[in-house]
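An overview of the molecular structure
Residues per chain are reported as follows:
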Amino acid sequence: MTVQEVQEEIRRLKKENDICILAHSYQAKEIIEIADFSGDSYALSKLAKTAPNKTVIMCGVRFMAETVKMLSPEKKVILSKSEAGCPMAEQMDVELINQLKEMYPGYTVVAYINTTTELKTVCDVCVTSSSAVKIVKQLESDNILFIPDCNLGAYVQKQVPEKNFKLVHGGCPIHATVTKRDVEKARAAHPNAELLVHPECIPAVAELADYVGSTSGIMEYAKKSNKKEFIIGTENSIAEHLQYACPDKDFYLLSTGLVCKNMKATTLVDVLNCCKGKGGEEIILSDETIKQAKKCIDVMISLGG
Ligand code: 13P
Ligand code: SF4
């Protein structure tokens, strides 16, 4: 079968079986093309609430599929590839957060959405990279314990200097590999290009960027900009998607190491199998876990707009 034939079959099965396909923007082009919606983690969380279909297939990583399940427990939610997890989400456990809460009593625990559902049960509010600044500004508390990404936390801290932050050492093992040296090399190779980076990069890299933002933020910025050249400092699929979307502009990679194998684990054939009811993993969460963990997602959506 050709790629187009597989895509046609997926489209047919989606209709027949009342399936909605959500795809994170880091997914491959052929998956984005058959998705009902694609976007950053915040957009996907919001869409998860409103999608009318009985079944949702999440092409992304586990915490994204679990967020969909929490927001739509009545739906059948399938993670497109069982082994696609986000390593950052696994970096901290409930015991550690409880210890941190004892160390910093009265602090509001702000969790990046890239966390396990279990961890969300002991946090106060979730944020995504595109909503974090807006949400933290609106929190009543001036004392913020930000977990698990200290790089995103440092970025938010800089935008909200009026609040006190405690950051814990964790982060994305992919974005955190980018160095100042990578920036110097890319800038030297492309002196007219603007540098756009994700806030999961280390502060020393983010400080050198012309724009810091979420996956969707970077894409929107590059599409609207009058500039013609861009160095992209997030998962390398974004540079590829942008190159297709803006053929009159040039996109360069900040680092060839910016590849998330978990986000890349799903293939078009995996999606086809999920549509046939054969592949992926159905997300099962207990009612009690959903009740406890969903609270911080609900706060995120109410403050994030
Ligand atoms: P976004 O919130 O920008 O979609 O980021 C999610 C993610 O996992 C980035 O690595
Ligand atoms: Fe997790 Fe980093 Fe992959 Fe995003 S890019 S899913 S934060 S490991």
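Structure: above.
Below is a short write-up of the structure. None of the values given here were measured: they were computed from a predicted structure.

1. Considerations on helix H13 (residues 268-275)
The buried count for H13 comes to 6 of 8 residues, which makes it a mostly enclosed element. Restricting attention to buried positions, one finds in H13 the residues Leu-268, Asp-270, Val-271, Leu-272, Cys-274 and Cys-275. Tucked inside the fold, the buried residues of H13 contact helix H1 (3-16), strand S1 (19-24), helix H2 (29-34), strand S3 (55-59) and strand S4 (76-79).

2. Considering the site of ligand 1
As a structural note, the neighbourhood of ligand 1 is formed by His-24, Tyr-26, Asp-40, Ser-41, Tyr-112, Asn-114, Ser-129, His-175, His-198, Glu-200, Ser-214 and Thr-215. Between an oxygen atom of ligand 1 and a side-chain N or O atom of Asn-114, the distance comes to 3.1 Å. In isolation ligand 1 exposes 300 Å². Once the protein is present, 96% of that is buried. Of the pockets mapped on this structure, ligand 1 occupies the largest cavity. Each residue belonging to the shell around ligand 1 can be placed in one class, and the counts come to 2 nonpolar, 8 polar and 2 charged.

3. Quick look at the site of ligand 2
The full set of residues close to ligand 2 is Tyr-26, Cys-86, Pro-87, Met-88, Asn-114, Cys-172, Ile-174, His-175, Glu-200, Cys-260 and Met-263. Among the cavities detected, the one that contains ligand 2 is the largest cavity. Looking at side-chain class alone, the shell around ligand 2 contains 8 nonpolar, 2 polar and 1 charged residues.

4. Description of the nonpolar core
In this structure, Val-156 and Ile-232 are the most contacted members of the largest nonpolar core, which totals 61 residues. Once residues lying within four places of it in the same chain are set aside, the contact partners of Val-156 are Ala-132, Val-133, Val-136, Phe-146 and Phe-165. Core analysis: the second largest hydrophobic core is formed by 17 residues, Ile-10, Ile-31, Ile-57 and Leu-268 among them.

5. Remarks on the sheet that holds strand S7 (residues 143-147)
Strand pairing in a sheet is mediated by backbone hydrogen bonds. Such pairs are either parallel or antiparallel. Read across the sheet, 4 strands follow the order S6-S5-S7-S8 without closing on themselves; strand pairing throughout is parallel. Strands with a single pairing partner mark the edges of an open sheet, and in this sheet they are strand S6 (125-127) and strand S8 (164-167). Averaged over all adjacent pairs, the angle separating strand axes in this sheet is 30°, with direction ignored. Alignment of strand S5 (residues 108-112) against S6, held across 3 bridges, turns out to be parallel. By the bridge assignment for S6, Val-110 is matched with Val-125.

6. A closer look at the sheet that holds strand S11 (residues 229-233)
Strand order across the open sheet formed by 4 strands is S10-S9-S11-S12, with parallel pairing between neighbours. The open sheet has two free edges, formed respectively by strand S10 (211-212) and strand S12 (250-253), since each of these has just one partner strand. Where strand S9 (residues 194-197) meets S10, 2 bridges bridge the pair, whose relative direction is parallel. In the strand pairing of S10, Val-197 is matched with Val-212. Set on the sheet, helix H11 (residues 215-224) makes contact with S9, S10, S11 and S12; between it and S9 the angle comes to about 160°. This element, helix H12 (residues 237-245), spans S11 and S12 of the sheet and lies at about 170° to S12.

7. Describing the environment of Lys-249
Here Lys-249 lies in the loop between H12 and S12. What makes Lys-249 buried here is its relative accessible area of 5%. For the pair Lys-249 and Val-269, spaced 20 residues apart in the sequence, the C-alpha separation amounts to 31 Å. Look past the residues within four positions of Lys-249 in its chain and what remains in contact with it is Ala-222, Lys-223, Lys-224, Ser-225, Lys-227, Lys-228, Phe-230 and Gln-243. Polar side-chain contacts of Lys-249 include one of 3.1 Å to the backbone oxygen of Lys-223.

8. Comments concerning the side chain of His-24
Assignment of secondary structure puts His-24 in strand S1. Note on His-24: relative accessible area 3%, which makes it buried. Apart from residues lying up to four places away in sequence, His-24 is in contact with Ile-32, Gly-39, Asp-40, Ser-41, Leu-44, Cys-59, Met-64, Thr-215 and Met-263.

9. So, the side chain of Glu-200
Relative to the assigned elements, Glu-200 resides in the loop between S9 and helix H10 (203-206). Although Glu-200 is buried, it makes no salt bridge; Lys-120 carries the closest opposite charge, 12 Å away. Side chain to side chain, Glu-200 and His-175 meet in a polar contact 3.0 Å long. The contacts of Glu-200, once residues within four sequence positions are left out, are Met-88, Tyr-112, Asn-114, Asp-149, Asn-151, Cys-172, His-175 and Ala-176.

10. Describing the packing of helix H3 (residues 41-50) against helix H14 (residues 287-304)
For the pair H3 and H14, interaxial distance at closest approach is 11 Å and the crossing angle is 105°. As judged from the angle between their axes, H3 and H14 are roughly perpendicular. Contacts between H3 and H14 involve Tyr-42, Ser-45 and Lys-49 from the former and Met-300, Ile-301 and Gly-304 from the latter. Its residues assigned to classes, the contact of H3 with H14 shows 3 nonpolar, 2 polar and 1 charged.

About the thresholds
Residues numbered from 1 in each chain as written. Chains lettered and ligands numbered in written order. Predicted model: local features only at pLDDT ≥ 70, side-chain atom pairs only at ≥ 80, totals over all residues. Heavy atoms only, no water. Buried < 20%, exposed > 50% of the residue type's maximum accessible area, 1.4 Å probe, protein only. Helix = DSSP H or I, 4+ residues; strand = E, 2+ residues; numbered from the N terminus. Contact = heavy atoms within 4.5 Å. Near = heavy atom within 4 Å. Polar contact = N/O pair within 3.5 Å; in protein donor to acceptor, adjacent residues only side chain to side chain. Areas by Shrake-Rupley, 256 points an atom, 1.4 Å probe, with all protein chains shown as cover. 1 Å grid on protein atoms, 1.4 Å probe; cavity = no way out; pocket = protein on both sides within 12 Å on 5 of 7 lines; lining within 4 Å. Sits in = over half its atoms within 2 Å of the grid points. Nonpolar A, V, L, I, M, F, W, Y, C, P; charged D, E, K, R; others polar. Core = buried A, V, L, I, M, F, W, Y, C linked by side-chain atoms within 4.5 Å. Pairing = 2+ DSSP bridges. Axes fitted to C-alpha atoms, helices over the stretch in contact; angles between N-to-C directions. Lys, Arg positive; Asp, Glu negative; His and termini not counted. Salt bridge = Lys/Arg side-chain N within 4 Å of Asp/Glu carboxyl O. Parallel < 35°, antiparallel > 145°, perpendicular 65-115°, else oblique.

That is the geometry; function is a separate question.
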